[in-house]
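# Notes for the structure review
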Amino acid sequence: MQLDLWTSAFCAPCAAARRVSAEAAALVPGLTVTERDVAAHPDDAEGLGIRSTPTIIVRQDDGAEVFRSPGVPTRDQLLLAVAKAL
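Before going into details, it helps to say that this report is about the structure given with it. If you're wondering where the values come from, they're calculated on a predicted model, not measured in any experiment.

## Observations concerning the overall build of the protein
The helix and strand inventory of the protein stands at 3 helices and 4 strands. In the protein, the succession of helices and strands from N to C terminus is β-α-β-α-β-β-α. Its C-alpha atoms give the protein a radius of gyration of 12 Å, near enough to 12 Å, the size a compact globule of 86 residues would have. Put simply, the protein has 86 residues, and 34% of those count as buried. If you take every contact in the protein between residues at least 6 apart in sequence, the share linking residues at least 24 apart comes to 64%.

See below:
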């Protein structure tokens, strides 16, 4: 399963989203976290409807989106979303 973390350079909440994502990755074997900067990937961000940073998207192995959080979810919210991706 995949966790995509969309960030921007001067986003204070992005640091908190990184921490929550790292905690989830440490607890869930097989969870891949990929951070993408919206400025470096503007077309991809637009295509996915990313309107704010941070935004976290959790996908199943087949690419189906099961969770989206604009802002910083709690660790428990994120772990529940990851469980849905299994």
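## Here we look at the packing of helix H1 (residues 12-27) against helix H3 (residues 75-85)
Where H1 meets H3, the axes come as close as 10 Å, and the angle between the chain directions of the two elements is 50 degrees. Comparing their axes, H3 and H1 come out oblique. The interaxial crossing formed by H1 with H3 has right-handed handedness. Judged by residue contacts, Val-20, Ser-21, Glu-23, Ala-24 and Leu-27 of H1 engage Arg-75, Leu-78 and Leu-79 from H3. For the contact of H1 with H3, a count of residues per class yields 5 nonpolar, 1 polar and 2 charged.

Basis of the calculations
Residues numbered from 1 in each chain as written. Predicted model: local features only at pLDDT ≥ 70, side-chain atom pairs only at ≥ 80, totals over all residues. Heavy atoms only, no water. Helix = DSSP H or I, 4+ residues; strand = E, 2+ residues; numbered from the N terminus. Rg over C-alpha atoms; globule rule 2.2 N^0.38 Å. Buried < 20%, exposed > 50% of the residue type's maximum accessible area, 1.4 Å probe, protein only. Contact = heavy atoms within 4.5 Å. Axes fitted to C-alpha atoms, helices over the stretch in contact; angles between N-to-C directions. Parallel < 35°, antiparallel > 145°, perpendicular 65-115°, else oblique. Left-handed = near helix turned anticlockwise from the far one by under 90°. Nonpolar A, V, L, I, M, F, W, Y, C, P; charged D, E, K, R; others polar.

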